[in-house]
Amino acid sequence: MSVVLVTGASTGFGRSTVESLAERGHQVFAGFRDVQGRNEKAAQELTAAGVRVVELDVTDQDSADRAIAEVLTRAGRLDVIVNNAGRIFVGPVEAFTAEQVQDQFNVNALGAVRVNRAALPHLRAQGSGALIQIGSIAGRVTVPFSGLYAASKAALAALTEAWHDELAPFGVESVILDAASYPTNIGANATFGQSDPYAASFGAYVAAISTQPVGDPREVVDAVVTLVETPNGERPRRTVVAPVVQFDAVTALNQVAEQTAVTVATAMGVR
């Protein structure tokens, strides 16, 4: 069984993931903020379920360093990190300030950078490990009014690709799971941006997505558990979890992108 750290694990995908992994016998650490404050109840419930809780704010490098050190002290090793922490800004790009754009990237992309940076010296030293980033198909296909979120997930995907090849010689694997839109707390906690010139079209967009059929978020959790339990070296670089139409389209795009990446890298002299 593996030692696994999941970020953003107080609610949503993260919480369901740590609970599922613990049920399957893994030694699981749930990382999230305010474990003795507003998230104290979640911390108590997870602890009762056999999940170990660590204070972790992915927007703070010192917090990430302390969390990784605590996991290593308590478990003696770390096998898998699931970078799940995220938030979403919805609205026309023009409606958001540069500081809000920074906030979006600070959690969705830089959060994974901080946690992975803290863990990588240990993973390289042990010669094994896996970084699993929770991405989005929005990182592949951007629709109006999700530009900030899509850009942050595209950045996370690019980082994952770089880590994948850079870390392979050290026995450390980096992969990403791209999920469609599923009902979780991230949507309920979304930050909306409004701008008068876009009021009609943005209103129509919100009305349209609110009536779209939604899938079972358990599909994403099951896919994450599968990735955790897949032996090192056998995990696909990208995993898509989406309804059939979206799955087929994004998977086809991924295949073309991978072939293109090989062609471009070869032309640049990168093996």
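In this text the structure is predicted, and so the values were computed from the model without any measurement. Sequence order as written defines the numbering, with residues in each chain counted from 1. Where local features are concerned, this predicted model is filtered to residues with pLDDT of at least 70; where side-chain atom pairs are given and counted, the filter is 80 or more; whole-chain, interface and lining totals use all residues. Side-chain descriptors were evaluated using all non-hydrogen atoms of the structure, hydrogens and water having been removed beforehand.

Colleague: Give me the lowdown on the sheet that holds strand β6 (residues 129–136), citing residues and values where you can.
Modeller: The pairing criterion is simple: DSSP has to find at least two bridges between the two strands. The helix count covers DSSP runs of H or I at least four residues long, the strand count covers runs of E at least two residues long, and both are numbered beginning at the N terminus. As summarised here, the arrangement of the 7 strands in space is β3-β2-β1-β4-β6-β7-β9, forming an open sheet in which the pairing is parallel. Strands with a single pairing partner mark the edges of an open sheet, and in this sheet they are β3 (52–55) and β9 (238–241). When strand polarity is set aside, the average angle formed by the axes of neighbouring strands in this sheet is 20 degrees. Where strand β7 (residues 172–179) meets β9, 4 bridges bridge the pair, whose relative direction is parallel. Its bridge partner being in β9, Leu177 is matched across the sheet by Thr239. Axes here mean lines fitted to C-alpha atoms, for a helix over just the part in contact, with angles spanning 0 to 180 degrees between N-to-C directions.

Colleague: Can you explain the pattern of salt bridges? Please cite residues and give values.
Modeller: For salt bridges, the criterion is a side-chain nitrogen of Lys or Arg within 4 Å of an Asp or Glu carboxyl oxygen. This model, assessed by the stated rule, comprises 12 salt bridges. For the salt bridge of Arg237 with Asp165, the shortest nitrogen-to-oxygen distance reads 3.4 Å. You can see Arg237 sitting in the loop between α9 (218–229) and β9 and its partner Asp165 sitting in helix α6 (residues 147–167), a full 72 residues away along the chain. Throughout this description, buried means an accessible area under 20% of the type-specific maximum (1.4 Å probe, protein chains only), exposed means over 50%, and partly exposed covers the range between. Residue class for Arg237 comes out partly exposed when judged on its relative accessible area of 23%. Under the relative-accessibility criterion, Asp165 is labelled partly exposed at 46%. Several salt bridges share partner residues, and in doing so they unite Glu161, Asp165, Asp178, Arg237 and Arg238 into one network.

Colleague: Break down the packing of helix α1 (residues 12–23) against α9 for me, citing the residues and quoting the values.
Modeller: The contact between α1 and α9 brings their axes to 9 Å, and the two run at 50 degrees. Considered as vectors, α1 and α9 are oriented oblique to each other. For the crossing formed where α1 meets α9, the hand is right-handed. Across the interface between the two elements, Phe13, Ser16, Thr17, Ser20 and Leu21 of α1 pack against Arg218, Val220, Val221, Val224, Val225 and Val228 of α9. In this count, Pro and Cys sit with the nonpolar residues alongside Ala, Val, Leu, Ile, Met, Phe, Trp and Tyr, while Asp, Glu, Lys and Arg are called charged and the others, Gly among them, polar. Classifying every residue of the contact of α1 with α9 by side-chain character gives 7 nonpolar, 3 polar and 1 charged. Working definition: roughly parallel below 35 degrees, roughly antiparallel above 145 degrees, roughly perpendicular at 65 to 115 degrees, and oblique for all remaining angles. By definition, turning the near helix anticlockwise from the far helix through less than a right angle yields a left-handed crossing, and turning it clockwise yields a right-handed one. By definition in these notes, contact holds between two residues if any of their heavy atoms fall within 4.5 Å.

Colleague: Would you mind going over the environment of Phe192 in detail, with residue names and values included?
Modeller: One can find Phe192 in strand β8 (residues 191–192). C-alpha separation for the pair Phe192 and Arg235, spaced 43 residues apart in sequence, amounts to 36 Å. The contacts of Phe192, once residues within four sequence positions are left out, are Val90, Phe96 and Phe202.

Colleague: Tell me about the packing of helix α4 (residues 98–108) against α6, residues and numbers included.
Modeller: Here α4 crosses α6 at 35 degrees, and the two axes come no closer than 9 Å. Considering the relative orientation of α4 and α6, their crossing is right-handed. The segment α4 lies against α6, with Val101, Gln104, Phe105 and Asn108 engaging Leu148, Tyr149, Ala151, Ser152, Lys153, Ala155 and Leu156. Partitioning the contact of α4 with α6 into residue classes produces 7 nonpolar, 3 polar and 1 charged.

Colleague: I'd like a description of the layout of surface pockets, backed by residues and values.
Modeller: As defined here, a cavity is a set of points on a 1 Å grid over the protein atoms alone where a 1.4 Å probe fits but cannot get out. A pocket is an open set with protein on both sides within 12 Å along at least five of seven lines, and residues line them when an atom is within 4 Å of a point. Grid points are joined across faces, edges and corners, and a volume is the space filled by probe spheres set on the points. Size it by volume and the second largest pocket reaches roughly 530 Å³. What lines the second largest pocket is a set of 25 residues, among which Glu161, Asp165, Arg237, Glu258 and Ala261 lie closest to the centre. Per-element accounting of the lining of the second largest pocket gives the leading share, 11 residues, to helix α10 (residues 244–267).

Colleague: Residues and numbers for the side chain of Thr7, please.
Modeller: Position of Thr7 relative to the elements: it lies in strand β1 (residues 3–7). N or O atoms closer than or at 3.5 Å make up a polar contact, with two conditions inside protein: a donor-capable atom paired with an acceptor-capable one, and, for residues adjacent in sequence, both atoms drawn from side chains. A distance of 2.9 Å separates a polar side-chain atom of Thr7 from the backbone nitrogen of Ala85. Beyond its immediate sequence surroundings of up to four residues, Thr7 is in contact with Gly31, Leu56, Val58, Val82, Asn83, Asn84, Ala85 and Val115.

Colleague: Outline the packing of aromatic side chains, listing residues and values.
Modeller: The way to describe two aromatic rings as a pair is by their centre distance and the angle between their planes. We call Phe, Tyr and Trp rings a pair once their centres come within 6.5 Å, taking the six-membered ring for Trp, and we label the pair stacked below 30 degrees between planes, edge-to-face above 60, and tilted otherwise. The full count for this structure, using the stated rule, is 2 aromatic pairs. Whether a charge sits over a ring depends on NZ of Lys or CZ of Arg being within 6 Å of the ring centre and within 35 degrees of the ring normal. Over the ring of Phe170 we find Arg124, and its NZ or CZ is 5.7 Å from the ring centre.

Colleague: Explain the pairing of strand β4 (residues 80–83) to me, and be specific about the residues and the numbers.
Modeller: Burial along β4 is two-sided: the residues Val80 and Val82 and Ile81 and Asn83 are all buried. As paired elements, β1 and β4 share 3 bridges and run parallel to each other. Paired with Val6 across the strands is Val82, a residue of β4. Two elements, β4 and β6, share 4 bridges in a ladder whose sense is parallel. Residue pairing across strands places Asn83 opposite Gln133, the latter belonging to β6.

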